[in-house]
Amino acid sequence: MPRRLMAVLDYSYLDLYLPRGTTREVARQIMTEHAEYGDWELERLRLYPDGSRRVRLRRKIIKASRTL
């Protein structure tokens, strides 16, 4: 049986809470700014019945390797 090596990716996470009354456009702007300037990507968005949102963003952790 052949073995497969899997790369383990490490991520850092950012949880955002957007209160009810936050428009869809404002929520989009907030997430777009995080994506463009912080290299975050959307992992999960949860919309609650009261209109509030919980957003989880993630980005890869870049590990520096020795060059010497």
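Values in this document were obtained by computation on a predicted structure and should not be read as measured data. (Residues numbered from 1 in each chain as written. Predicted model: local features only at pLDDT ≥ 70, side-chain atom pairs only at ≥ 80, totals over all residues. Heavy atoms only, no water.)

Draft legend 1. A look at the packing of aromatic side chains. On inspection of all chains with the given rule, the structure shows 1 aromatic pair. With a centroid separation of 6.5 Å and 50° between ring planes, the pair formed by Tyr11 and Tyr13 is classed as tilted. For Tyr13, a relative accessible area of 41% puts it in the partly exposed group. Cation over ring: Arg56 sits above Tyr13, and NZ or CZ is 4.8 Å from the ring centre. Sitting over the face of the ring of Tyr11, Arg58 holds its NZ or CZ atom 4.3 Å from the ring centroid. (Phe/Tyr/Trp six-rings, centres within 6.5 Å; stacked < 30°, edge-to-face > 60°. Buried < 20%, exposed > 50% of the residue type's maximum accessible area, 1.4 Å probe, protein only. Lys NZ or Arg CZ within 6 Å of the ring centre and 35° of its normal.)

Draft legend 2. Summary view of the sheet that holds strand 2 (residues 41-47). Spatial ordering of the open sheet is given by 1-3-2, a layout of 3 strands whose pairing is antiparallel. Only two strands of the sheet have a single partner each, and these edge strands are strand 1 (11-18) and strand 2. The average angle at which neighbouring strand axes cross in this sheet is 15°, direction not considered. The pairing of strand 1 with strand 3 (residues 53-60) spans 8 bridges and is classified as antiparallel. Directly across from Tyr11, in strand 3, lies its bridge partner Lys60. (Pairing = 2+ DSSP bridges. Helix = DSSP H or I, 4+ residues; strand = E, 2+ residues; numbered from the N terminus. Axes fitted to C-alpha atoms, helices over the stretch in contact; angles between N-to-C directions.)

Draft legend 3. Representation of the environment of Met31 in the model. In this fold, Met31 is placed in helix 1 (residues 24-38). Sequence spacing of Met31 and Arg56 is 25 residues, and the spatial spacing of their C-alpha atoms is 10.0 Å.

Draft legend 4. Structural view of the pattern of salt bridges. Summed over the entire model, instances satisfying the criterion amount to 3 salt bridges. Its salt-bridge partner being Arg56, residue Asp15 comes within 2.9 Å of it at the nearest N-O pair. On the criterion of sequence distance, the pair formed by Asp15 in strand 1 and Arg56 in strand 3 is long-range, its members being 41 residues apart. For Arg56, a relative accessible area of 33% translates into the label partly exposed. As a salt-bridge pair, Arg28 and Glu25 come within 2.4 Å of each other at their nearest N and O atoms. (Salt bridge = Lys/Arg side-chain N within 4 Å of Asp/Glu carboxyl O.)

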